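What the coordinates show
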Amino acid sequence: MEENKEVSLPPKYDPTAVEKDRYTFWVDGKYFEASGDKEKEPFTIVIPPPNVTGKLHIGHAWDTTLQDIITRIKRMQGYDVLYLPGMDHAGIATQAKVEAKLREQGQSRHDLGREKFLEKAWDWKEEYASFIREQWSKLGLGVDYSRERFTLDEGLSDAVREVFVKLYEKDLIYRGEYIINWDPATKTALSDIEVVYEEVQGHFYHMKYPLEDGSGHIEVATTRPETMLGDTAVAVHPDDDRYKKLIGKKVILPIVGRKIEIVADDYVDMEFGSGAVKITPAHDPNDFEIGNRHNLERVLVMNEDGTMNENADKYQGMDRFDCRKQIVKDLQDEGVLFKIEEHMHSVGHSERSGAVVEPYLSTQWFVNMQPLADAAVDLQKQSEEEKVNFVPDRFERTYLHWMENIRDWCISRQLWWGHRIPAWYHKETGEVYVGKEAPSDIENWVQDDDVLDTWFSSALWPFSTLNWPNTDDEDFKHFFPTNVLVTGYDIIFFWVARMIFQSIEFNDQRPFKDVLIHGLVRDAEGRKMSKSLGNGVDPMEVIEKYGADSLRYFLSTGSTPGQDLRFQWEKVESTWNFINKIWNASRFVLMNLGDLNKESIDLSGKKSVADKWILTRLNETIEQVNKNVDKYEFGEAGRHLYNFIWDEFCDWYIEMAKLPLYGENEDEKHTTRSVLAYVLDNIMRMLHPFMPFVTEEIWQQLPHEGSSITRAEWPKIRQDLHDSEAAEEMKRLVEIIRSVRNIRAEVNTPMSKQIQLLIQAKDDKVVEQLSENRHYLEKFCNPSTLTIATDVVAPEKAMSAVITGAEIYLPLEGLIDVDKEIERLNNELEKWSKEVNRVQKKLSNEGFVKKAPEKVVEEERQKEKDYLDKRAKVEARIKELQS
């Protein structure tokens, strides 16, 4: 045999060394930049912009890995791919972080003033944007940095103003006094979906409001007694016979002494509680609507920070929860509060600050959602070529349910960091002016202090990033609408829905063709990752230990669309082992290619059955991978790749290739080298989107054209290399070799010991095929004699196996010493019988079964099943040998 070729792949796979500097090579080579070539079909994915509030977590890694896989495949398939990167300013979250940093320095934003504070926020953005880019590079994301965007970029800000003004002009944006979700910690309004509801142990407080005429009282109940200070009515159902005679009368509001009317309203549930409810229009959304119907006064009793205001009488200045305790005591002392009962109820908390959200009367800007939602619902009635296709499609129902039950969207936020609302108020007349630019006589106007909800700008992301509203822009014309949005099911309402209705409104079409929904990354026990549990996983730590390729392959193949993913270190390690297997196989191939180059690869020569089989299986694997990646079933695609690479290419073909490689026939040697190079090259291409770093490293050393695998052509099925008959022949050979190995293992006969092997073929064709390939059987079965015929006489005592088209016999006489084997098996039988008795004794103990954790009991039952199965097999084997 020739001397092994020198290769620069080290003996051991080291992801740190492999991944070092590779990303710089890709970025410097501009391999990720979209060309804008009109001759090529475009393919666009915009990255869900991470917030500039911190570093990327494992969920970001999963999300972006899936996007990167899709874009790398499409790039190799010849599309003009734009994978557009960007980040979100994340109004509340970023402002909270910057303010916290200022507090550490003994300052507040008010000390600095708006302009200086915004400078600090921009400094924060620059610092964290660089962290995020570094993490993108570690993950290997093929984003086009030449088109990177930020939600506060000048261009995106222009798009935001355009949308605000246009919606205002169409009466789809309005300003009004409404009950909104108020975060007293950050002192800003929240939209409905920024409120997280948690079950909290609270109380129902039952009170008696005395009638003005002294004829009695009316009973009401509340979970928030501090709001009673703002009551302006008591409501009853108009058909409630208990209260009909009281409608129009008045009660005296305890503590405050204000007279409030008893009104009739259909909203009241006669069956709930006393059938009478206190009405606080400034502190409850339902009460607000009742108040509107009855022209009730709105009395606000709280300040923006959650303390009680001047309308709260003697409680002014108290925190709302301290006020609650004091007012309960005072009401009890007055004899008004007559019962307190335990009550579990759902309480809204701010998603950002964690503070209990206060329903609060406030003047805010709103989007009139109904017309926009109706258009979005109508779109889903169109064909697949026009609607947004959800993957899995069950999430379309989730989306539509929200759209069909929409409420107006509060879009103003009491912050400084964000898109300032393009509205000005005349200093003297109070007139409102809305426009993209400030009024010309600016000295007479003052701009609204508030900024827009972060999701307002994020809703425009698929088109604002492509230079809309300039619809003549080449990028916008070429790359919009985008192709796929990849995101988690937790932000369908926050983001996906808003992008859809804004795109319909402003572009009259969907913003993306498909929405690929994934779940959440959970810990090994299935728990949500959280700071309180301390079970979060930093993707950079995983990369440091096992490499980005291991992390990416695990994340992308460990779940099906729409499902959650459990993070398990041992699974990442097993992926590392898979890559190590690929590495070792590649080293072997590279060392045995001799002087083979791209031009000298020749698959037209005489091929062995193993050559034909591996080329056929390659075709079938390409077909399966294509089918599954088109459906976003990356787990299934990965399974086909794993089986082909590990089981067939590494464990079978490479071993069989050693025969011609180590032989003397130069033609066979050249064909085998060509097949090895061709198959390994195609493996690298199919694996590349999943494992970009290691595949580039190996591919660079294979005979190839082009400067990077990122731009190599995606594998194609070659029908001229497909041979189903050879594949069946090879399948039979593998079955025979595997059966012989299994029998040897069963009777403890090492491969080094020669054995007699008889194969009874079902017909002459099988005899001919096996005879042509007997060199494989001789190499991998190590027979002393090998008989292949249709008329083989089965020996009296033999181990046998039935395979497709043949039966195999291994006479016991040559395999084992029967007496010694029976003695060994009897010892084994005794061992398994003891284990069975031990576990059954444990399971028959009622105390153990009742007290032990269910998981432990189940483990013992599994052991029992396993031990019984092993004992039965040993018994059967002894019986067989003794017959």
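Not measured: the values here are computed from a predicted model.

Examining the pattern of salt bridges
Taken as a whole and assessed by the stated rule, the structure comprises 54 salt bridges. Across the pair Glu 148 and Arg 133 runs a salt bridge, and its minimum N-O distance is 3.1 Å. Taken as a pair, Glu 148 in the loop between α6 (114-139) and β4 (149-150) and Arg 133 in helix α6 lie far apart in primary sequence, 15 residues in all. The class for Glu 148 is partly exposed, based on a relative accessible area of 23%. What emerges from the salt-bridge pattern is a single network uniting Asp 158, Glu 162, Lys 166 and Lys 436.

With respect to the UniProt feature "domain: Aminoacyl-tRNA synthetase class Ia" (unreviewed entry) in the protein chain
When the UniProt feature table is mapped onto this chain, "domain: Aminoacyl-tRNA synthetase class Ia" (unreviewed entry) is found at residues 22-438 and 443-567. End C-alpha atoms of residues 443-567 are separated by 59 Å, and the span's content is 39% helix alongside 18% strand.

Here's the deal with the sheet that holds strand β13 (residues 337-350)
Two pairing modes exist for strands in a sheet, parallel and antiparallel, and in both the strands are linked by backbone hydrogen bonds. Ordered in space as β8-β7-β13, the three strands form an open sheet in which the pairing is antiparallel. If you trace the sheet from one side to the other, it starts and ends with β8 (217-222) and β13, each paired once. Adjacent strand axes in the sheet meet at a mean angle of 20° when their direction is disregarded. As paired elements, strand β7 (residues 195-210) and β8 share six bridges and run antiparallel to each other. Looking across to β8, one finds that Pro 210 is bridged to His 217. Helix-sheet contacts for helix α9 (residues 320-334) involve β7 and β13, and the interaxial angle to β13 is about 165°.

Looking at the environment of Asp 171
With respect to the helices, strands and loops of the structure, Asp 171 is situated in the loop between α7 (154-169) and β5 (173-183). For the pair Asp 171 and Trp 365, spaced 194 residues apart in sequence, the C-alpha separation works out to 12 Å.

Comments concerning the packing of aromatic side chains
How two aromatic rings sit relative to each other is given by the distance of their centres and the angle of their planes. Applying the stated rule across the entire model yields 48 aromatic pairs. Ring centres of Tyr 178 and Phe 366 lie 5.0 Å apart, and the angle between their planes is 65°; on these two criteria the pair is classed as edge-to-face. Taken together, the residues Tyr 178 in strand β5 and Phe 366 in strand β14 (residues 358-367) connect sequence positions 188 residues apart. Taking the centre distance of 5.9 Å and the plane angle of 65° together, the rings of Tyr 553 and Phe 690 count as edge-to-face.

Details of the environment of Trp 365
Note that Trp 365 resides in strand β14. Under the relative-accessibility criterion, Trp 365 is labelled buried at 1%. Distance in space between the C-alpha atoms of Trp 365 and Asp 408 is 10.0 Å, their sequence separation being 43 residues. Of the polar contacts made by the side chain of Trp 365, one reaches the side chain of Asp 448; its length is 2.9 Å.

A short note on the sheet that holds β5
What the four strands build is an open sheet, ordered β6-β5-β14-β16; its pairing is antiparallel. A strand with exactly one partner marks an edge of an open sheet, and here the two such strands are β6 (188-190) and β16 (409-410). Relative to β6, β5 is paired through three bridges, and the arrangement is antiparallel. Along β6, the bridge assignment pairs Asp 183 with Thr 188.

A word on the packing of helix α27 (residues 818-843) against helix α29 (residues 854-882)
It is at 8 Å that the axes of α27 and α29 come closest, and there the two elements cross at 155°. Of the possible angle classes, the one that applies to α27 and α29 is roughly antiparallel. Handedness of the crossing formed by α27 with α29: left-handed. When the residues that make up the contact of α27 with α29 are grouped by side-chain class, the tally is 14 nonpolar, four polar and 13 charged.

Parameters and conventions
Residues numbered from 1 in each chain as written. Predicted model: local features only at pLDDT ≥ 70, side-chain atom pairs only at ≥ 80, totals over all residues. Heavy atoms only, no water. Salt bridge = Lys/Arg side-chain N within 4 Å of Asp/Glu carboxyl O. Helix = DSSP H or I, 4+ residues; strand = E, 2+ residues; numbered from the N terminus. Buried < 20%, exposed > 50% of the residue type's maximum accessible area, 1.4 Å probe, protein only. UniProt positions renumbered as here; feature names shortened; annotations may be inferred. Pairing = 2+ DSSP bridges. Axes fitted to C-alpha atoms, helices over the stretch in contact; angles between N-to-C directions. Contact = heavy atoms within 4.5 Å. Phe/Tyr/Trp six-rings, centres within 6.5 Å; stacked < 30°, edge-to-face > 60°. Polar contact = N/O pair within 3.5 Å; in protein donor to acceptor, adjacent residues only side chain to side chain. Parallel < 35°, antiparallel > 145°, perpendicular 65-115°, else oblique. Left-handed = near helix turned anticlockwise from the far one by under 90°. Nonpolar A, V, L, I, M, F, W, Y, C, P; charged D, E, K, R; others polar.

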